[in-house]
Structure formats: structure tokens, C-alpha cells
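Residue-level structure breakdown
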Number of protein chains: 2
Amino acid sequence: MKVLIVEDDLVLMDVLSFTLRREGYEVVHAQDGKTALEQFDTENPTIVLLDLNLPQLDGLSVCRHIRQKHDTPIIILSVRDSDEEVIEGLRMGADDYMTKPFSPAQLTARMETVLRRVGQSAPRKLSLGTATLDPERHLLEQVDADPIQFSPLEYSLIELLMINGERVLPTQTIIDRIWPGGGDKAMLKQLVYRLRQKIEACDIYIDSVPGVGYALVQRKR
Amino acid sequence: MKVLIVEDDLVLMDVLSFTLRREGYEVVHAQDGKTALEQFDTENPTIVLLDLNLPQLDGLSVCRHIRQKHDTPIIILSVRDSDEEVIEGLRMGADDYMTKPFSPAQLTARMETVLRRVGQSAPRKLSLGTATLDPERHLLEQVDADPIQFSPLEYSLIELLMINGERVLPTQTIIDRIWPGGGDKAMLKQLVYRLRQKIEACDIYIDSVPGVGYALVQRKR
DNA sequence: TGATTCTGTGACCACTTTGTGACCAACTCA
DNA sequence: TGAGTTGGTCACAAAGTGGTCACAGAATCA
């Protein structure tokens, strides 16, 4: 997936390039509005990150120009933070507007959010150790092992635990998120039991902290 | 267009209701997480505005529950503003995250931005492997095979699946899009059955992932 | 206007999923 | 030290799911 970063601040450009490459994106960039449009035509990026204060052609003009012919997601990154300016940017066709300074982690999360909406990216897979969870097919995949298929409730539980890393998730939080209509501890312990049986040959397991909750952790070697 | 506002602060609720009605939205609301899910099922809103700190069931549980089955846009409105919390909200399936306090004008601009991306029309022609869908004539064409003519509902389903690539589309999402007025799983499984019969000689087929949904995939050779 | 197609519905079936109850060991607390 | 709680285990049965088939009314077509 290719990102066009349009930014004249070279320090920020470097930080963003590094972060996005580490996330697996291919990165191209431009330092002024005119070059941005040229790059857009030649590189055909999946998403554009667009500063507004640019030499040669301002960012809003770039945004308007792209949006006249293309549906490519655009996120504006700007120091201008008044409501009027945010609204103008969004109405000019941007999909999101982040005011500087922002954290790279939040930027990549917002990029994923927009890409998810336009159907350009599969949901991110979650990993713990060598185990990888497939959110589309509700599978757990691991090297040298058959994938494990989960039922809806099993998947719901393991996803929650995996999102939380190896930290303990409180019992009542788990119950609320799995059974918003109402569940109880007996149902959860039964579900934990069934899930443990399915993953017993994996590198990960469900640890319980009595009186607190559960965590997904890696088996030690 | 119907908005479900999930907010337990009645002052903010009133302000938002007034603002959104003035913009032409139909507004329904809930003051706690459980009621929110009930309202979601009965009202089938176009978009959800979701506080996180809620009685009965927290907003992240509501968000996750909705997103497991539906692709209705969700914007989180919360006082929690750390990067971690924003990222968690977006990863739990929200389309945007606004921290309180925010201006109603920016909220409506962000709603428009997300809604702009919903229900976009299909590209001109869709292909998967050697099979090509003709949107004007509702045909599937393949080299060395007679074209297959689809009924309106059959075409609607295969187009949805083809837009999604070979990825799994959740059952309820498919139902929402094919029968906006309300469909059910029995209707969908019947439609899938009929469509499978029509494409059984093709290079593509409908794969089901029990408990999740369906995908259009290429037959392997 | 009759023929044909489309669509919603019901039924059957095999299988899976889920909620529940029961039992037990370990732990906590008064 | 006894009562109560909790987490783990096991089995049962109800509910749900996905696939298949056919029926019949509505819609469309020629």
C-alpha cells in the first residue's frame, strides 16, 4: 500500500516516512503542492497525507484538485486548528483532519480507519508470539500447525484477550463485551474452558488471575 | 437519515438533537449502553454518535457489538482523550473519535465526511480471476463460457461479494445492504443457494465461513 | 392475458453452538 | 474449622446454523 506524504517540514516527513514504512506502507513524498499533484498522477497512491501550508500551491487546492477526479482517501495534517479550517478541509473532500502536533500511532490508526471504510484494507491481524488471529475468517494461524477455526463466542473472547496484549482483562469487562445483552461468570468460565481446549496445542494459553480476570499469554520454552 | 445519539448527559443530548434536526437528520437517542443496542436493533440508524462513559454497558462494548455484525458508521464522542484511548476506540470499529468538548459544526462536518464514504457506487466493471461482472446488463462473463444472467437480488449479492474481493463479508452486513428495509438469514441462505447454482460452472464460487459470513473466491486448479 | 421468472417462506436435515446444571478442589474468611 | 466462593471440568439438551428442496404469490415479460 502506497502513501503519498505531502509535507514541507523535512523533520516531520522523515518521522512519518519511518513510521509508515515500519507499518508496511510504501512511501512517496512531495514538498510542495505542484509536485504533489505530479506525484499523485505518477504514483497513484492508496492514501494521501496532506499538509496545508505548502509552497507553490496550498494544500486545500491540492485536495480539491485530487477530489475532482479521484476517490483516494486524504487525511489533512495541519497546524491550523480552528473549527472553520477543519470544516473547510473536510468539505473540500478530506476524509480526516488532524491538527499538529499529533502522535504517529494515532495517525496510523486513523489511516487504518479510513482505509477500512473504503474497503482498501483487510482488518489488521493480531499476533502474540507466533500465533496470528485472522479477524475475517475467525481463525488462529501458527507456523507448522493447522489453523484453528473458532465459533462466534470463542472468537469474540480470544480477540478481546489478544487486543489487550498479555495484560489481564477484568472478568466483568469481558462479560459485558461478549454478552452485551447480559452474561454471567458461569457462561464465561465455560467459554474459557472450551477455548482453552481449542488452543491447547498453541504457543499461547489463557491464564486466570482469580478474583480479577483472564489474560492471553505466551507459553515459555 | 436517522442518527442514534448515545449520550447520558441530557444537556449535550439536547444540543446535539437540536443541531442535527436543524441539519435535517431524524434523531433517536439512548442514555445507556443496553438501551442503545435495543434502539439500534429497532431503529436501524444510518449513523451512531456514541459516548463511552455510559450506565449499564460501556460505549466500547456497544461499539464492538455493533461492528461485529454491521458496518453502520460510528463516531465516538468522549472526554477520554489519550492516544491509547483514541486508538482503542478506532480499533474497536469506530469511524471517527471526537474528544469533548467539540463544536456541533465540526461534528456535523465529520458526520458528512463519514457518510460520504457509505454506499458508494461500484466501479465500472468488476473482475475476479477470469470472471467479469457487467453492471449494466447484470451479467457475469467469462472466457469460453456463456454469460450468466442474474435476477436483481442475485446481482446485488454477487456485486457486493465481488466489490469485497476475496474477503469475507459478514452475514448481517450483507443482509443490511441487500434488503435495506429488512431481511433475514433465511432469505440470505436461499439467495446464496440460488446464486451458487447459477455460478457452479464458473471459476469462482461462494465460500461460507460459519458464524461469520460469505466470500467470493476463485476455484483452485 | 397467459407464461415465465423472481422472491419469500416453510420444512427437513445434519451438525454446531451455547446455556445450564452438577461435581469437585482450592482458596478465603469469620 | 466450617461455610461460602471461585475456577475448572464434564455432560446434557435446547437453540441455532447452513444447505437443500419445493410451494405459491407477486412481478415481469412477451
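Throughout, residues of each chain are indexed from 1 in the direction in which the sequence is written. Following the order in which they are written, the chains are lettered starting with A and the ligands numbered starting with 1. Side-chain atom pairs in this predicted model are given and counted only at pLDDT of 80 or more, local residue features only at pLDDT of at least 70, and totals for whole chains, interfaces and linings cover all residues. Side-chain measures were taken over the full set of non-hydrogen atoms in the model, leaving aside hydrogen atoms and water.

1. Comments concerning empty space enclosed by the protein
Threshold: Here the term cavity refers to a set of points on a 1 Å grid, laid over the protein atoms alone, in which a 1.4 Å probe fits but cannot get out; the term pocket refers to an open set having protein on both sides within 12 Å along at least five of seven lines, with lining residues being those that place an atom within 4 Å of a point. Grid points are joined across faces, edges and corners, and a volume is the space filled by probe spheres set on the points. Put simply, DSSP H or I for four residues or longer makes a helix, DSSP E for two residues or longer makes a strand, and each gets a number counted from the N terminus. Under the grouping applied here, Gly and all other residues not named as nonpolar or charged are polar, the nonpolar ones being Ala, Val, Leu, Ile, Met, Phe, Trp, Tyr, Cys and Pro and the charged ones Asp, Glu, Lys and Arg.
One pass over the full model with this rule turns up one cavity of 30 Å³ or more. Considered as a void within the structure, the largest cavity measures approximately 120 Å³ in volume. The wall of the largest cavity is formed by A:Asp95, A:Asp96, A:Arg110, A:Thr113, A:Val114, A:Arg117, B:Asp95, B:Asp96, B:Thr113, B:Val114 and B:Arg117. Residue assignment for the lining of the largest cavity shows that the elements contributing at least two residues are helix H5 (104-117) of chain A together with helix H5 (104-116) of chain B. Broken down by element, the residue count for the lining of the largest cavity peaks at four residues, all from H5(A). Looking at the lining of the largest cavity residue by residue, the classes come out as two nonpolar, two polar and seven charged.

2. Topic: the protein's contact with DNA strand D
Quick reminder of the rule: One heavy atom suffices: a residue is near a molecule or strand as soon as one of its heavy atoms comes within 4 Å of it. For the purposes of these results, a polar contact is taken to be a pair of N or O atoms within 3.5 Å, where, inside protein, one atom must be able to donate a hydrogen and its partner to accept one; residues adjacent in sequence count only when each atom of the pair is a side-chain atom.
Close contacts around DNA strand D come from 20 residues, with A:Gln190, A:Tyr193, B:Lys185, B:Gln190 and B:Tyr193 the closest. Within the contact set of DNA strand D, a base nitrogen lies 2.2 Å away from a side-chain nitrogen or oxygen of B:Gln190. Between B:Tyr193 and DNA strand D, the recorded distance is 2.4 Å, taken from a side-chain N or O atom to a phosphate oxygen. Of all the elements in the fold, those that place two or more residues in the surface near DNA strand D are helix H8 (185-198) of chain A together with helix H8 (185-198) of chain B.

3. With respect to unusual backbone geometry
Residues and elements named next belong to chain A. The line we're drawing: The buried label applies to any residue whose accessible area, calculated with a 1.4 Å probe on protein chains only, is under 20% of its type's maximum; exposed applies above 50%, and partly exposed to all values in between.
Looking along the chain, the bond that leaves Lys 100 and enters Pro 101 is cis, with omega of -5°. Inspection of the secondary structure puts Pro 101 in the loop between strand S5 (96-99) and H5. Here Asn 44, not a glycine, exhibits a phi torsion of approximately 50°, which is positive. Within the secondary structure layout, Asn 44 lies in the loop between helix H2 (33-43) and strand S3 (47-51). Here Asn 44 falls in the exposed class, since its relative accessible area comes to 56%. Positive phi is not limited to glycine here, since Gln 56 has a value of about 75°. Tracing the backbone through its elements, the reader meets Gln 56 in the loop between S3 and helix H3 (59-69).

4. Some points on the protein's contact with DNA strand C
As a structural note, the neighbourhood of DNA strand C is formed by 14 residues, with A:Ser151, A:Gln190, A:Arg194, B:Ser151 and B:Arg194 the closest of them. Backbone atoms, meaning sugar and phosphate, form 56% of the atoms of DNA strand C found within 4 Å of the protein. A:Trp179 is positioned with one of its side-chain polar atoms (N or O) 3.2 Å from a phosphate oxygen of DNA strand C. B:Arg194 has a polar side-chain atom sitting 2.5 Å from a base oxygen of DNA strand C. Every element with two or more residues in the surface near DNA strand C is listed here: helix H6 (152-163) and H8 of chain A together with helix H6 (152-163) and H8 of chain B. Looking at the surface near DNA strand C, its residues break down into eight nonpolar, four polar and two charged.

5. Some words on the layout of surface pockets
One number sums up the size of the second largest pocket: a volume of about 500 Å³. Around the second largest pocket sit 23 residues that line it, and A:Thr99, A:Arg110, B:Tyr97, B:Thr99 and B:Arg110 are the ones nearest its centre. Grouping the constituent residues of the lining of the second largest pocket by class yields 10 nonpolar, six polar and seven charged.

6. A closer look at the interface of chain A and chain B
Note the following rule: Contacts were defined at the residue level, with two residues in contact if any of their heavy atoms lie within 4.5 Å. Salt bridges, as used here, are contacts in which a Lys or Arg side-chain nitrogen is within 4 Å of a carboxyl oxygen on Asp or Glu.
Each partner contributes residues to the interface: chain A has 42 residues there, and chain B has 46 residues. At the junction of chain A with chain B, the criterion picks out 12 salt bridges. As a salt-bridge pair, A:Asp96 and B:Arg110 come within 2.8 Å of each other at their nearest N and O atoms. Run the count over chain A and chain B and you get 27 residue pairs in polar contact (both at pLDDT 80 or more).

Taken by themselves, the reported measurements are silent on function.
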